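Structural characterization, general
Now for the letters of each chain:
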Amino acid sequence: MKENTVYMGCHLSMADGFRAMGERALSIGANTFAFFTRNPRGGKAKDIIPEDAAALCEMLAKENFGTLVAHAPYTLNPCSGKENVREFAFLAMSDEMIRMESVPGNYYNFHPGSHVGQGVETGIAQISELLNRILKPEQTTTVLLETMSGKGSEIGSRFEELREIIDRVELREKVGVCLDTCHLNDAGYDIAGDPDGVLGEFDKIIGLDKLKALHINDSMNPLGAHKDRHARIGEGTLGYEAIKRIVHHPALVGLPCILETPNELDGYAREIKMLK
Ligand code: FE
Ligand code: FE
Ligand code: ZN
């Protein structure tokens, strides 16, 4: 990876395996991508074919890809009030930690979850406990907490909450943060109007060394709306110019940028070209 390269991609389907994802990424001009290691709505995960994973790793090195950003199923809730729901998140994520080792050294992003009335403190304790159970000293994957919009009882819409989770993790070097530009805006952080201010606050509270990846989305809602509706780049409240400034911000360039805009592959190809 080169420090001054813009790494940009989108979510790709794992249905045809690892190598196919790499080829699809290249075909749309992407040099990183995101994927669900299993069906995002849950269900049994497909077996990984070691040769297929190895073929992707070879391609990533040869084509100078940035770090990949896998995504946990968004149906998991690590801080549910129900113990069986929390246990399911633990089982799914510990299995994913093993699966991720077939493509070593990449990122695995998850939504911290919703405390559903248990209170922020209880939620934070449960999320950090889950991390302490799934993280192993020998793993090469870094697990990322995503910044959330704060809809409902979501945890992670304030940098302070993420900091508190990280503080309670024993293997702190295995955790990082993924900033989602739509979520930041909806949480009330003016990432479009004042990126330096927001990144300065992130640095003060969490530390920029913990910032590992970005989800690049425009937002359908105004600053602080606590909504979470993604818009295509340039079709929302952040706007094309502001998003381009974020992608090329000196403090952020070199981090993998994943588009999660409502698009098909051709739309992603266009947005990647527009922003690179
Ligand atoms: Fe997410
Ligand atoms: Fe996101
Ligand atoms: Zn979102």
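In what follows, the structure referred to is the one given above.
Residues numbered from 1 in each chain as written. Chains lettered and ligands numbered in written order. Predicted model: local features only at pLDDT ≥ 70, side-chain atom pairs only at ≥ 80, totals over all residues. Heavy atoms only, no water.

1. Topic: unusual backbone geometry
Put simply, the rule reads: By definition, any uninterrupted DSSP run of H or I lasting at least four residues is a helix, any uninterrupted run of E lasting at least two residues is a strand, and each is numbered from the N terminus. Partly exposed residues are those whose accessible area sits between 20% and 50% of the maximum for their type, while under 20% is buried and over 50% is exposed, using a 1.4 Å probe and protein chains only.
Here the phi dihedral of His 226 falls at roughly 50°; this positive angle occurs in a residue that is not glycine. Tracing the sequence through the fold places His 226 in the loop between strand 8 (218–219) and strand 9 (230–231). Overall, the relative accessible area of 35% leaves His 226 in the partly exposed class. The residue Asp 228 is not glycine, and still its phi comes out positive at about 75°. Structurally, the position occupied by Asp 228 is in the loop between strand 8 and strand 9.

2. Notes on the pattern of salt bridges
Rule in force here: A side-chain nitrogen of Lys or Arg and a carboxyl oxygen of Asp or Glu constitute a salt bridge if their distance falls within 4 Å.
By the definition in use, this model includes 11 salt bridges. Between Glu 160 and Arg 158 there is a salt bridge whose closest N-O contact spans 3.8 Å. Among the residues examined, Glu 160 registers a relative accessible area of 37% and is labelled partly exposed. Within the structure, one salt-bridge network assembled from shared partners comprises Glu 121, Glu 164 and Arg 168.

3. Let's talk about the pairing of strand 10 (residues 256–259)
We count it as follows: Whether two strands pair comes down to DSSP finding at least two bridges between them.
In strand 10, alternate side chains face the same way, and those of Pro 256 and Ile 258 on one face and Cys 257 and Leu 259 on the other are all buried. Relative to strand 10, strand 7 (residues 211–216) runs parallel, the two sharing 3 bridges. By the bridge assignment, Ile 216 is partnered in strand 10 with Leu 259.

4. A short note on the environment of Thr 181
Stated precisely, the cut-off is as follows: Two N or O atoms count as a polar contact when they lie within 3.5 Å, although within protein this holds only if one can serve as hydrogen donor and the other as acceptor, and sequence-adjacent residues are included solely when both atoms are side-chain atoms.
The topology assignment puts Thr 181 in helix 6 (residues 181–187). Residues Thr 181 and Ile 127 lie 54 residues apart in sequence; the distance between their C-alpha atoms is 22 Å. One polar contact links the side chain of Thr 181 to the main-chain carbonyl oxygen of Asn 217, over a distance of 2.6 Å.

5. A few points about the coordination of the zinc ion (ligand 3)
Each pair of donors in an ideal octahedron of six around a metal sits at 90 or 180 degrees, and each pair in an ideal tetrahedron of four sits at 109.5 degrees. The following threshold applies: Any N, O or S atom lying within 2.8 Å of the metal counts as a donor, with the limit raised to 3.2 Å for Na, K and Ca; because water is left out of the atom set, some sites can appear incomplete.
With distances of 1.9 to 2.1 Å, the protein atoms coordinating the zinc ion (ligand 3) are His 183 (NE2), Asp 228 (OD) and His 230 (NE2). In primary-sequence terms, the residues that donate to the zinc ion (ligand 3) follow H-x44-D-x1-H. In this structure the iron ion (ligand 1) is found 5.9 Å away from the zinc ion (ligand 3). In this structure, Asp 228 and His 230 share a single accessibility class: buried.

6. Here's the deal with the environment of Gly 193
On the secondary structure map, Gly 193 appears in the loop between helix 6 and helix 7 (195–205). The spatial distance from the C-alpha of Gly 193 to the C-alpha of Glu 129 is 36 Å, given a sequence separation of 64 residues.

7. Some remarks on the packing of aromatic side chains
Stated precisely, the cut-off is as follows: Here a Phe, Tyr or Trp ring, Trp counted by its six-membered ring, pairs with any other such ring whose centre lies within 6.5 Å, and the pair is stacked when the planes are under 30 degrees apart, edge-to-face when over 60, and tilted otherwise. Criterion for a charge above a ring: Arg CZ or Lys NZ at most 6 Å from the ring centre, at most 35 degrees from the ring normal.
This model, assessed by the stated rule, comprises 6 aromatic pairs. On the basis of an interplanar angle of 90° and a centroid distance of 6.2 Å, the ring pair of Phe 33 and Phe 65 is categorised as edge-to-face. You can see Phe 33 sitting in the loop between helix 1 (18–27) and strand 2 (34–36) and its partner Phe 65 sitting in the loop between helix 2 (50–62) and strand 3 (69–71), a full 32 residues away along the chain. Relative accessible area serves as the criterion here: at 0%, Phe 33 is assigned to the buried category. Judged by centre distance (4.1 Å) and plane angle (10°), the rings of Phe 159 and Tyr 189 are stacked. One end of the pair, Phe 159, is in helix 5 (residues 159–167); the other, Tyr 189, is in the loop between helix 6 and helix 7, with 30 residues separating them in the sequence. With a relative accessible area of 1%, Phe 159 lands in the buried category. Connected via pairs of aromatic rings, a cluster forms that spans Phe 18, Phe 33, Phe 35 and Phe 65. Across from the ring centre of Phe 90, 3.6 Å away, lies the NZ or CZ of Arg 133, which sits over that ring.

8. Here we look at the coordination of the iron ion (ligand 2)
Rules: Key to geometry: four donors with every angle between 85 and 135 degrees are tetrahedral; four donors are square planar and six octahedral where opposite donors lie over 155 degrees apart and all remaining angles lie between 65 and 115; all other sites are irregular.
Coordination of the iron ion (ligand 2) by the protein comes from Glu 146 (OE), Asp 180 (OD), His 215 (ND1) and Glu 260 (OE), over a distance range of 2.0 to 2.3 Å. Considering all 4 donor atoms around the iron ion (ligand 2), the spread of angles at the metal, 84 to 171°, places the coordination shape in the irregular class. In the primary structure, the donors to the iron ion (ligand 2) are separated according to the pattern E-x33-D-x34-H-x44-E. Taken as a pair, the iron ion (ligand 2) and the iron ion (ligand 1) lie 3.2 Å from each other and share Glu 146 as a ligand. Taken together, the residues span a long stretch of sequence, with Glu 146 in strand 5 (residues 142–146) and Glu 260 in the loop between strand 10 and helix 9 (265–275) at a distance of 114 residues. In this structure Glu 146 comes out as buried when scored by relative accessible area, which is 1%.

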